[in-house]
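# Descriptive structure summary
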Amino acid sequence: MTNIAEAPNSTADALPEVDVAKAGEAYRAMLSVIGAVEPRIADAIRAELTDQRGSLKLIASENYASLPTLLTMGNWLSDKYAEGTIGHRFYAGCQNVDTVEATAAEHARELFGAEYAYAQPHSGIDANLTAFWAILAHRVEQPALAEQGAKNVNELDEGAWEALRKQFGDQRMLGMSLDAGGHLTHGFRPNISGKMFHQRSYGTNPQTQLVDYDEVARLAREFRPLVLIAGYSAYPRRIDFARMREIADEVGATFMVDMAHFAGLVAGKLFTGDEDPVPHAHVVTTTTHKSLRGPRGGLVLATEEYAPSVDRGCPLVLGGPLSNMMAAKAVALAEARSQAFRDYAHAVADNAQSFAESLIRRGATLVTGGTDNHLVLLDVSGLGLTGRQAESALLDAGIVTNRNAVPNDPNGAWYTSGVRLGTPALTSRGFGADEFDVTAEMIMDVLANTTPVTASTGKPGKAKYDLADGVAERTHARSAELLDRHPLYPGLEL
Ligand SMILES: *Cc1c(COP(=O)(O)O)cnc(C)c1O
């Protein structure tokens, strides 16, 4: 993707207005048909809308897909088996799935300016697994096959195959540490990636809490990874992907970026130039349901060089494609090519900035001192709380967040000392700086009124807490007022 500095012009047309009344009719009919078979499921679907509408959702990895995207998921495309790739399926009769997958891939390529896009991964983790095996195929398997004069692994004799299997297990990956915001799938032991690769991680500078590229370079020279991976779930800053690619090139690593969290900010042209991973990475993976605001799923983008290896994802590590979900990805990606989506992405980051400022003004400590993406990481240790206590107290007050480790977290990955807050979902509902200011005020009010409860051992407890009387009630009332001002799927009635 190195030659495409700027993504090609997106369609950038205005999106057609969604006919909400019609969507409501469709959902009412759907629920009545489903309810006749299993009423508990129809009820759960209705209840989920009520819950989503009534919660102040600050989970940085969640969002609200559009009604057209949601409506695309439930249909008979799901009934078709279509293992293989567009035009090369292991099953007959895949012409409509081919149309669906090709449309999703085309939108992804155009949106991100990628040479190649693979729309099959069922989730972000599946996208990563697809990418890891594609990199191993390209960097390890193919050279071994060439050396043996074999076309594929079936042609290797037993000895050569065993040698290749061992080589797969000898490869190294360098990724961001978990407590600096990295992801479990980036080579950590509890995940399959940590069993596939020898792993080392780079953290952040203890003073600035920012990625220290010279330190990444030093580690890369020392460790000589096959894969250098960038990307995060809880780092509130942008990454210089050009610099990371230089480091990868210097040590002969494949440079992979997992943009699961911030794909919407790339799609919306907020992250451009050195901050856009696509022109710099060999392989880019993402989810489609976080800031990208599509259906639950994954994507892999790659250079032409890696494309044939990525194409082997199914049935290498992926089950048969979920064609209904690929169809929904196509719809969401088409939406993401609009000017409206660019405006949305910019609003997500603007809101995160003003949210961070509002929190700081009220005495909050933020990891890195702020944000320039879609999330902030609130360090609650100064308030005498663990992340677990803060998360629970906020939830009691109707504010949905998740606890998260901070760099070198003294409370570990379970209790943690941080709370992660993201703006993508509430920005989709139309929240702006004023609403995030009120939200910041409510958060700091709840936390100021939360006290840890001493454990029976006499030590400060890490889970139990006490929330002062009346705080949950007043917070619920204020957030209900905010949420009423910005309804979710306005006009949709079930
Ligand atoms: C969320 C996330 C994933 C996993 O996505 P799933 O769809 O839940 O499998 C992978 N990588 C990163 C960086 C993420 O934030």
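Criteria and thresholds
Residues numbered from 1 in each chain as written. Predicted model: local features only at pLDDT ≥ 70, side-chain atom pairs only at ≥ 80, totals over all residues. Heavy atoms only, no water. UniProt positions renumbered as here; feature names shortened; annotations may be inferred. Domains from an automatic or database assignment. Contact = heavy atoms within 4.5 Å. Buried area = accessible area lost by both parts, 1.4 Å probe. Salt bridge = Lys/Arg side-chain N within 4 Å of Asp/Glu carboxyl O. Phe/Tyr/Trp six-rings, centres within 6.5 Å; stacked < 30°, edge-to-face > 60°. Helix = DSSP H or I, 4+ residues; strand = E, 2+ residues; numbered from the N terminus. Buried < 20%, exposed > 50% of the residue type's maximum accessible area, 1.4 Å probe, protein only.

- Going by what an unreviewed UniProt entry lists, the chain is known as Serine hydroxymethyltransferase and is assigned to Naumannella cuiyingiana.
- UniProt, in the comment section headed Catalytic activity (unreviewed entry), describes the chain in these words: "(6R)-5,10-methylene-5,6,7,8-tetrahydrofolate + glycine + H2O = (6S)-5,6,7,8-tetrahydrofolate + L-serine".
- A UniProt comment under Sequence similarities (unreviewed entry) is attached to the chain, and it reads "Belongs to the SHMT family."

## Some thoughts on the domain arrangement of the chain
- Taken as a whole, the chain is organised into domain 1 (77-172 + 217-336) and domain 2 (339-485).
- Between domain 1 and domain 2, the contact holds 21 residues from the first and 22 residues from the second.
- Carbon and sulfur atoms make up 59% of the area that domain 1 and domain 2 hide from each other, which totals about 1800 Å².
- On the domain 1 side of the contact with domain 2, Pro236, Arg237 and Arg293 bury the most area, a combined 34% of that side's loss.
- Across the domain 1-domain 2 interface, the total number found is one salt bridge.

## With respect to the packing of aromatic side chains
- With the rule as written, the count across this model stands at 10 aromatic pairs.
- Relative to Tyr91, the ring of Tyr81 lies with its centre 4.9 Å away and its plane at 10 degrees, an arrangement referred to as stacked. Of this pair, Tyr81 sits in the loop between helix 3 (67-71) and strand 2 (84-85) while Tyr91 sits in the loop between strand 3 (88-89) and helix 4 (95-112), and the two are 10 residues apart along the sequence.
- Take Tyr91: its relative accessible area is 35%, and that puts it in the partly exposed class.

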